[in-house]
Amino acid sequence: MILVSVMYPGGSDAQPFDLDYYLKHHMPLVRERWSAMGLEKAEVVKATGTPDGSPAPFQVMAYLTFRSLDDFKKAGAAHGKEIFGDIPNFFKGQPVVQINEPQSF
């Protein structure tokens, strides 16, 4: 299992982010295209700040759980152009994508 983090930069010079479009159009597109390809769970979190009150380094983050890295790569090959091509409709910056391996403790 892998966890893919898609993080949209925030901070004091953050690009505007259309959360309504993201939640109503983009994330449903992600689920529709990738659920049959190994996407098991998708979560979205919106940052509210940091402990010292400064702006959060990422304003919105999506956490996508896939069965395997291979499933994620296949899903990206099949629909990545469409999904990543939708990003300018809600965010003008560049998201940071990170692949993570969940750990139990």
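See the structure printed just above.
Reading the values: the criteria
- Residues numbered from 1 in each chain as written.
- Predicted model: local features only at pLDDT ≥ 70, side-chain atom pairs only at ≥ 80, totals over all residues.
- Heavy atoms only, no water.
- Helix = DSSP H or I, 4+ residues; strand = E, 2+ residues; numbered from the N terminus.
- Rg over C-alpha atoms; globule rule 2.2 N^0.38 Å.
- Phe/Tyr/Trp six-rings, centres within 6.5 Å; stacked < 30°, edge-to-face > 60°.
- Buried < 20%, exposed > 50% of the residue type's maximum accessible area, 1.4 Å probe, protein only.
- Axes fitted to C-alpha atoms, helices over the stretch in contact; angles between N-to-C directions.
- Left-handed = near helix turned anticlockwise from the far one by under 90°.
- Contact = heavy atoms within 4.5 Å.
- Nonpolar A, V, L, I, M, F, W, Y, C, P; charged D, E, K, R; others polar.
- Salt bridge = Lys/Arg side-chain N within 4 Å of Asp/Glu carboxyl O.
- Core = buried A, V, L, I, M, F, W, Y, C linked by side-chain atoms within 4.5 Å.

*Asks:* Got a minute to help me understand the overall build of the protein in this structure?
*Replies:* A count of helical and extended segments in the protein gives 2 helices and 4 strands. Starting at the N terminus and walking to the C terminus, you meet the elements of the protein as β-α-β-β-α-β. By the compact-globule yardstick of 13 Å for 105 residues, the protein fits well, its C-alpha radius of gyration being 14 Å. By its C-alpha atoms, the protein is 40 × 40 × 20 Å across when sized along the principal axes.

*Asks:* For this particular structure, what's the right way to read the packing of aromatic side chains?
*Replies:* Centre distance and the angle of the planes are the two values used to describe a pair of aromatic rings. For the coordinates displayed, the defined rule picks out 12 aromatic pairs. The interplanar angle of 65° and the centroid separation of 5.3 Å between the aromatic rings of Phe-66 and Phe-72 together place this pair among those described as edge-to-face. Of the residues examined, Phe-72 reaches a relative accessible area of 13% and is grouped as buried.

*Asks:* Could you clarify how one ought to interpret the packing of helix α1 (residues 19–34) against helix α2 (residues 69–85) in this entry?
*Replies:* The contact between α1 and α2 brings their axes to 10 Å, and the two run at 145°. Considering only the axes of α1 and α2, their crossing is right-handed. Touching His-26, Leu-29, Val-30, Arg-33 and Trp-34 of α1 are Phe-72, Ala-75, Gly-76, His-79, Gly-80, Glu-82, Ile-83 and Phe-84, all from α2. Considered class by class, the residues forming the contact of α1 with α2 number 7 nonpolar, 4 polar and 2 charged.

*Asks:* When you look at the pattern of salt bridges in this model, what are you seeing that I'm missing?
*Replies:* When the charged atoms of two side chains lie near each other, side chains of opposite charge can form a pair. This model, assessed by the stated rule, comprises 6 salt bridges. Between Lys-24 and Asp-20 there is a salt bridge; the shortest N-O distance is 3.0 Å. Taken as a pair, Lys-24 and Asp-20 lie in helix α1 at a separation of 4 residues, close to a single helical turn. Exposure remark for Lys-24: the relative accessible area of 56% places this residue in the exposed category. On the accessibility criterion, Asp-20 (46% relative accessible area) is partly exposed. The partner of Asp-71 in a salt bridge is Arg-67, with the nearest N and O atoms 2.8 Å apart. The exposure class assigned to Arg-67 is partly exposed, which follows from its relative accessible area of 43%.

*Asks:* What am I meant to see in the environment of Glu-101 here?
*Replies:* Structurally, Glu-101 is set in the segment after β4 (96–100). We classify Glu-101 as exposed; its relative accessible area is 61%. In this structure, the C-alpha to C-alpha distance between Glu-101 and Leu-39, residues 62 residues apart in sequence, is 15 Å.

*Asks:* How should the nonpolar core be read in this particular structure?
*Replies:* Across soluble globular proteins, you tend to see nonpolar side chains buried next to one another. The biggest cluster of nonpolar side chains holds 22 residues, and the ones touching the most others in it are Tyr-8, Tyr-22, Trp-34, Leu-64 and Phe-66. When contributions to this core are tallied by element, the ones reaching two or more residues are β1 (2–9), α1, β2 (39–46), β3 (58–66) and α2. Ranked by residues supplied to this core, first place goes to α1 with 5 residues. Apart from residues lying up to four places away in sequence, Tyr-8 is in contact with Phe-17, Tyr-22, His-26, Phe-58, Gln-59, Val-60, Ile-87, Phe-90, Phe-91 and Pro-95.

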